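# Structure assessment
Read off the chains here:
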Amino acid sequence: MTRIQKYVAATAVAVALVGAPAVSYAASQGKAASGTHQRVTEAKAAVVEAAAKKAPTARIVAPGEHVKVPGGAEIWLTEEGKYWTTPEDPEPQFRSVVDGNIDLTQPGVSMQSEGVAGHYFLSGLYYGGKGTASRVTVETKSAAVHGKLLELAGRPGWGVWYATAEVPSSDDKGGLGYFEKVTVRTTQGKVYAQLKLN
């Protein structure tokens, strides 16, 4: 073998030896990056799960149990639906969940608005969403109002929300024109159901 051929052969071996660790290092870095990504993803999932466990959920009530609302209104649930009274209207009012007017398999929210003790008493049904209902927000023309949730035991697929809102001085007390949107969210912050009013 000539001197030039020996030199070329030796160079090729040297390149192969030097290149091999580089390839091995790059491969190990790829595996490390992949492992890091997986650990970050798992950590994010754990944070979301922990937050969901700490998130509020609906108050579970017994059928017919009266819940008093600031201002004097009362709400109670039965398997048939939502009942409520106000000081101005002590005769029970009713919204059914069994008369066929709502589809419990599809996400939905309803809303009733009444004047009670200088405030708006807001309430309605929510139903059909995915996940565990956690909180309700009513967006008005001037502010967001946070309400509370009620459900019967046994995950019936529906519940009742309620809130009180200030009556703005410029409002003509006509009611619904002041309210823009009702959103019920899950423990993970996703939309359970939503009603757009304006």
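Described in the following lines is the structure provided in the data block. Predicted model, so just to flag it, every value in this text is computed and none were measured. (Residues numbered from 1 in each chain as written. Predicted model: local features only at pLDDT ≥ 70, side-chain atom pairs only at ≥ 80, totals over all residues. Heavy atoms only, no water.)

## A few points about the pattern of salt bridges
If you walk through the whole model with that rule in mind, you get 3 salt bridges. Of the charged contacts, one joins Lys181 and Glu139 as a salt bridge, the two residues approaching to 3.9 Å between their closest N and O atoms. You can see Lys181 sitting in strand β13 (residues 179-186) and its partner Glu139 sitting in strand β9 (residues 133-140), a full 42 residues away along the chain. Its salt-bridge partner being Lys141, residue Glu180 comes within 4.0 Å of it at the nearest N-O pair. Placement of Glu180 in strand β13 and of Lys141 in the loop between β9 and β10 (144-146) is noted, with a sequence separation of 39 residues between them. Its relative accessible area of 28% is what places Glu180 among the partly exposed residues. (Salt bridge = Lys/Arg side-chain N within 4 Å of Asp/Glu carboxyl O. Helix = DSSP H or I, 4+ residues; strand = E, 2+ residues; numbered from the N terminus. Buried < 20%, exposed > 50% of the residue type's maximum accessible area, 1.4 Å probe, protein only.)

## Regarding the nonpolar core
Membership of the largest hydrophobic core comes to 20 residues, with the highest contact counts inside it found for Leu122, Tyr126, Trp161 and Phe179. Within the residue set of this core, elements represented by two or more residues are β8 (119-127), β9, β12 (158-166), β13 and β14 (191-196). Counting residues in hydrophobic clusters, the runner-up holds 18 residues, among them Leu77, Ile102, Tyr127 and Val160. (Core = buried A, V, L, I, M, F, W, Y, C linked by side-chain atoms within 4.5 Å.)

## Focus on the pairing of β9
Working note: regular strand, side chains alternate between the two faces of the sheet. Taken across its 8 residues, β9 has 6 buried, putting it largely inside the fold. When β9 meets β13, the two strands line up antiparallel, connected through 7 bridges. Bridging from a neighbouring strand, Val136 pairs with Val184 of β13. Relative to β10, β9 runs antiparallel, the two being bridged by 3 bridges. Note on β10: the bridge partner recorded for Thr137 is His146. In sequence, β9 turns back onto β10 through a hairpin of 3 residues. (Pairing = 2+ DSSP bridges.)

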